Amino acid sequence: MTKSRYLLPFIFLLLLFTACNDEVFIDGPLLPEETFVNIDSDDGEAELIIPLYGLENISLDLISSGRDFCKYYNAQGETISSDSPASELAKIVFENDFYEFQLLKQNNRLVFTSFRSKSNVVTWTFRLKYDYCVRFIYFTVTGGGSQND
């Protein structure tokens, strides 16, 4: 009888300490470490659904000389810093003589659109920094290559 007297409180405490915590679950789809997307060069478009839980920042990986051609915008159309929180980001635009594209962020949707590419193949890398990991999305634009525009 003595052992059964302690069994019920033990079970109660066990259930209490092992109950589910809503904060450990990720909302939306899981992204693999790397996602690869292929699109056509002129007006090619791709859309991805991303998880928002813990998303801190979205950025375009560029060498330093390419950063001059890349701008980040908030929902009001104002230019913001590339290290701004993902919650403030609405659009990333890259434009120079050879390439023009944008990445729109609409809630948990990312829409990549290539307007111009003068290379046969080019890959753009976007970094999604979460508080628990980093994910990469590679958009490969094919079919360009016209140098006469």
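Since the model is a prediction, treat every value here as computed from it, not as a measurement.

### A closer look at unusual backbone geometry
Right, on to step 1. One non-glycine residue with positive phi stands out, namely Asn 107, at about 55°.
Right, on to step 2. Position of Asn 107 among the secondary structure elements: in the loop between β7 (99-106) and β8 (109-117).
Right, on to step 3. The class of Asn 107 is exposed, set by a relative accessible area of 64%.

### Structural notes on the sheet that holds strand β1 (residues 34-40)
In a beta sheet, neighbouring strands are held together by backbone hydrogen bonds and run either parallel or antiparallel to one another.
Right, on to step 1. Across the sheet, 4 strands lie side by side as β1-β10-β9-β3; this open sheet has mixed pairing. The sheet terminates laterally at β1 and β3 (55-61), the two strands that pair on one side only. Going from strand to strand, the sheet's axes swing by 20° on average, the running direction of each strand aside.

### Some words on the sheet that holds strand β6 (residues 91-95)
Right, on to step 1. If you trace the 6 strands from one edge of the open sheet to the other, you get β2-β8-β7-β6-β4-β5, paired in antiparallel fashion. The open sheet terminates on both sides in strands that have one partner only, identified here as β2 (44-49) and β5 (79-80).
Right, on to step 2. The pairing of β6 with β7 spans 5 bridges and is classified as antiparallel. The residue bridging Lys 91 from the neighbouring strand is Leu 104, located in β7.

### A few points about the environment of Val 141
Right, on to step 1. By the element assignment, Val 141 lies in strand β10 (residues 134-142).
Right, on to step 2. In this structure, the C-alpha to C-alpha distance between Val 141 and Gly 44, residues 97 residues apart in sequence, is 8.0 Å.

### Section: the side chain of Ser 59
Right, on to step 1. Within the element layout of this structure, Ser 59 appears in strand β3.
Right, on to step 2. Owing to a relative accessible area of 11%, Ser 59 belongs among the buried residues under this scheme.

### Looking at the pairing of β6
Right, on to step 1. Bridging between strand β4 (residues 70-73) and β6 involves 4 bridges; their strand directions are antiparallel. Looking at β6, one finds that Tyr 72 is bridged to Ile 92.
Right, on to step 2. The antiparallel hairpin formed by β6 and β7 contains 3 residues in its connecting segment.

### Remarks on the environment of Arg 127
Right, on to step 1. Tracing the sequence through the fold places Arg 127 in strand β9 (residues 121-130).
Right, on to step 2. Here Arg 127 falls in the partly exposed class, since its relative accessible area comes to 31%.
Right, on to step 3. Separated by 93 residues in sequence, Arg 127 and Glu 34 have C-alpha atoms that sit 9.6 Å apart.
Right, on to step 4. With residues up to four places along the chain from it excluded, the contact list for Arg 127 reads Asn 57, Ile 58, Ser 59, Asp 61, Val 134, Arg 135 and Phe 136.
Right, on to step 5. Within polar-contact distance, the side chain of Arg 127 engages the side chain of Asp 61 at 3.0 Å.

What counts, and at which threshold
Position numbers for residues count from 1 along each chain, tracking the sequence in the order it is written. Under the rules for a predicted model, residues below a pLDDT of 70 receive no local features and side-chain atom pairs below 80 are neither given nor counted, while totals for whole chains, interfaces and linings still include all residues. Each side-chain value is derived from all of the structure's non-hydrogen atoms; neither hydrogens nor water enter the calculation. Numbering of helices and strands runs from the N terminus; a helix is a DSSP stretch of H or I covering at least four residues, while a strand is a stretch of E covering at least two. Here the term buried applies to any residue with accessible area under 20% of the maximum for its type, exposed to any over 50%, and partly exposed to those in between, with areas from a 1.4 Å probe on protein chains only. Two strands are said to pair when DSSP picks up at least two bridges between them. In this analysis, axes come from line fits to C-alpha atoms, helices being fitted only over the stretch in contact, and the angle between any two N-to-C directions falls in the range 0 to 180 degrees. Contacts are assigned to residue pairs that have any heavy atoms within 4.5 Å of one another. We call two N or O atoms a polar contact when they sit within 3.5 Å, provided that within protein one can donate a hydrogen and the other can accept it, with sequence-adjacent residues counted only if both atoms are side-chain atoms.

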